[in-house]
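Descriptive structure summary
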Amino acid sequence: MAPMGIRLSPLGVAVFCLLGLGVLYHLYSGFLAGRFSLFGLGSEPGGGPAGPVVAADGGTVDLREMLAVSVLAAVRGGDEVRRVRESNVLHEKSKGKTREGADDKMTSGDVLSNRKMFYLLKTAFPNVQINTEEHVDATDQEVILWDRQIPEDILKEIATPKEVPAESVTVWIDPLDATQEYTEDLRKYVTTMVCVAVNGKPVVGVIHKPFSEYTAWAMVDGGSNVKARSSYNEKTPRIVVSRSHSGMVKQVALQTFGNQTTIIPAGGAGYKVLALLDVPDKSQEKADLYIHVTYIKKWDICAGNAILKALGGHMTTLSGEEISYTGSDGIEGGLLASIRLNHQALVRKLPDLEKTGHK
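This one's a predicted model, so the numbers in the text were calculated from it and none came from an experiment.

Right, let's get into the UniProt feature "binding site: Mg(2+)" (unreviewed entry) in the chain. Annotation from UniProt places "binding site: Mg(2+)" (unreviewed entry) at Glu133, Asp174, Leu176, Asp177 and Asp300. The named residues occupy 168 residues along the chain; their greatest pairwise C-alpha distance, 9.6 Å, places them in one compact cluster. Tracing the sequence through the fold places Asp174 in strand β6 (residues 169–177). Residue Asp174 is classed as buried on the basis of its relative accessible area, which comes to 0%. Residues within four places of Asp174 in sequence aside, it is in contact with Met117, Glu133, Thr192, Met193, Trp299 and Asp300. Within the structure, the side chain of Asp174 is placed 3.3 Å from the backbone nitrogen of Leu176, a separation counted as a polar contact. Within the fold, Asp177 resides in strand β6. Assessed through its relative accessible area of 5%, Asp177 is described here as buried.

Written out as structure tokens, the structure reads:
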């Protein structure tokens, strides 16, 4: 009797193989999905579309592109500032008190400008740190796209890309500088500002005046659309100071430089920096020095610091220390800003101002 054998049906073999392939496919696809999720290539929580693919370290950003977007952001924010002021419906309220005891005011102009500026920069550069004066409400999130076009005036000054690690960048936004003056309808003092700092050093600065539609910008070791004036008076300077404590500075300045010294009370740190430069704006006053003696926030001064630095000028604390744009959002040591003058000699001439500012 012949040995009994097992006969395999060709159809059965095919079905078995297909089942085996199906099991292997599901096991392998699950493995891949786990691996992809480690690199951020999966879907966003809630089933939304996948986000942009980025390097694990955040990659690099081109400072020339950041300048272009910063200019656009300052102008877009300025449009909101102007529109709200012209509507005469400011929805003014106080965020609290400043250290000097004055109301720290906020308006719809601040809020709407902040939203435009923040989300334009955040959409264009999602991997950089952005610090802004006003609170950003996630429920008001707005996707504002940049067309990736760099304006000709920037390309003319800065011909090649300047890339830096994204993680080294901090952006400082002031969506409406001189809010107090804004509420008083003193429009010439009002600016919107953006600054890009790299490893804490101010590198890109933009100051925009919404009501005259003038914009100053500069990049350190790059280029600018603004320049210093041809001459400055160091012996009997015109000194621009805050409207809120001009008397405090005047007393020491007259003792230091003599009775011929002129004190110019003004609003807004952006306006005061522009007072040191050659600005084609008839409403802009001219000064030789900018002195501030009390606590000040970094978004107020970073853009001006970058512009002055790009033009060979200086902005330091009253004791002559460079200002770092990382860490805390303010500085205690007051500030001194100058251009085409002996800055350290000026620091030595003003030894008592910092103490005066803390009284």
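Now, onward.
Okay, the sheet that holds strand β17 (residues 314–316) next. An order of β13-β12-β15-β19-β17 is seen for the five strands of this open sheet, with the pairing classed as mixed. Of all the strands in the sheet, just β13 (262–266) and β17 have a single pairing partner and so form its edges. Here the average twist between neighbouring strands, direction ignored, is 20°. In this sheet, strand β19 (residues 335–338) lies alongside β17 in antiparallel orientation, the contact comprising three bridges. Considered in β19, the bridge of Thr316 is made with Leu336. On the sheet, helix α6 (residues 246–257) packs against β12 (238–242), β13 and β15 (289–292) and is oriented at approximately 155° with respect to β12. Sheet contacts for helix α8 (residues 298–310): β17 and β19; angle to β17, the most-contacted strand, approximately 140°.

Tracing the backbone through its elements, the reader meets Phe125 in the loop between α3 (108–124) and β4 (129–132). Put simply, Phe125 and Met66 are 59 residues apart on the chain and 8.1 Å apart in space, counted from C-alpha to C-alpha. When neighbours within four sequence positions are excluded, Phe125 is seen to be in contact with Val61, Glu65, Met66 and Val69.

This next bit is on the pairing of β12. In terms of residue burial, β12 counts as a mostly covered element, since four of its five residues are buried. As paired strands, β12 and β13 are joined by five bridges and run parallel to one another. From the neighbouring strand, Val240 faces β13, where its bridge partner is Ile264. By the bridge criterion, two bridges tie β12 to β15 in an arrangement that is parallel. By the bridge assignment, Val240 is partnered in β15 with Tyr290.

Where two cysteines share a covalent bond between their sulfur atoms, that bond is called a disulfide. Taken as a whole, this structure holds one disulfide when the rule is applied. Linked covalently through their sulfurs, Cys195 and Cys302 form a disulfide whose S-S length is 2.0 Å. Taking the sign of the S-S torsion, -45° for the link of Cys195 and Cys302, the bridge is left-handed. Of the two residues, Cys195 sits in strand β7 (residues 191–198) while Cys302 sits in helix α8, which places them 107 residues apart along the sequence. Of the two residues, Cys195 and Cys302, both sit in the buried class.

What follows covers the packing of aromatic side chains. One pass over the full model with this rule turns up five aromatic pairs. Pairing Tyr189 with Tyr271 gives two aromatic rings, centres 4.8 Å apart and planes at 80°, and the pair type is edge-to-face. Here Tyr189 is found in the loop between α5 (179–183) and β7, whereas its partner Tyr271 is found in helix α7 (residues 269–274), with 82 residues between them in sequence. There is no split in this pair, since Tyr189 and Tyr271 are both buried. The structure contains a cluster of three or more aromatic residues connected by ring pairs, namely Trp172, Trp299 and Tyr325. The ring of Tyr182 carries Arg85 above its face, with NZ or CZ at 5.9 Å from the centroid.

To continue, consider unusual backbone geometry. Even without a glycine there, the phi angle at Asn199 is positive, about 50°. Tracing the chain through its elements places Asn199 in the loop between β7 and β8 (201–209). Asn199 gets classed as exposed once you look at its relative accessible area, which sits at 58%.

Spatial strand order, β4-β6-β7-β8-β9-β10: six strands in an open sheet with mixed pairing. Every interior strand has two partners, whereas the edge strands, β4 and β10 (223–224), have only one. On the sheet, α8 packs against β4, β6, β7, β8 and β9 (214–219) and is oriented at approximately 105° with respect to β8.

So, how was this worked out
All chains use their own residue numbering, which begins from 1 and follows the written sequence. Note on the predicted model: pLDDT of at least 70 is required for a residue's local features to be given, and 80 or more for side-chain atom pairs to be given and counted; whole-chain, interface and lining totals, by contrast, use all residues. Only heavy atoms go into the side-chain values, all of them from the structure, while hydrogens and water stay out. UniProt positions are given in the numbering used here, feature names are shortened, and annotations may be inferred rather than shown by experiment. For helices the rule is a DSSP run of H or I covering at least 4 residues; for strands it is a run of E covering at least 2, with both sets numbered from the N terminus onward. To sort residues, take the accessible area from a 1.4 Å probe on protein chains only and compare it with the maximum for the residue type: under 20% means buried, over 50% means exposed, and anything in between is partly exposed. Note on definitions: a residue-residue contact is assigned when non-hydrogen atoms from the two residues lie within 4.5 Å. For this analysis, a polar contact is any N or O atom pair within 3.5 Å, provided that within protein one partner can donate a hydrogen and the other can accept it, and provided that sequence-adjacent residues contribute only side-chain to side-chain pairs. Only when DSSP finds a minimum of two bridges between them are two strands counted as paired. Interaxial angle, 0 to 180 degrees, is taken between N-to-C directions of lines fitted to C-alpha atoms, where a helix line uses only the stretch in contact. When two cysteine sulfur atoms lie within 2.5 Å, the pair is treated as a disulfide. Two rings from Phe, Tyr or Trp (for Trp, the six-membered ring) form a pair when their centres are within 6.5 Å of each other. A pair whose planes differ by under 30 degrees is stacked, one over 60 is edge-to-face, and the rest are tilted. Geometrically, a charge over a ring is one whose NZ (Lys) or CZ (Arg) sits within 6 Å of the ring centre while staying within 35 degrees of the ring normal.

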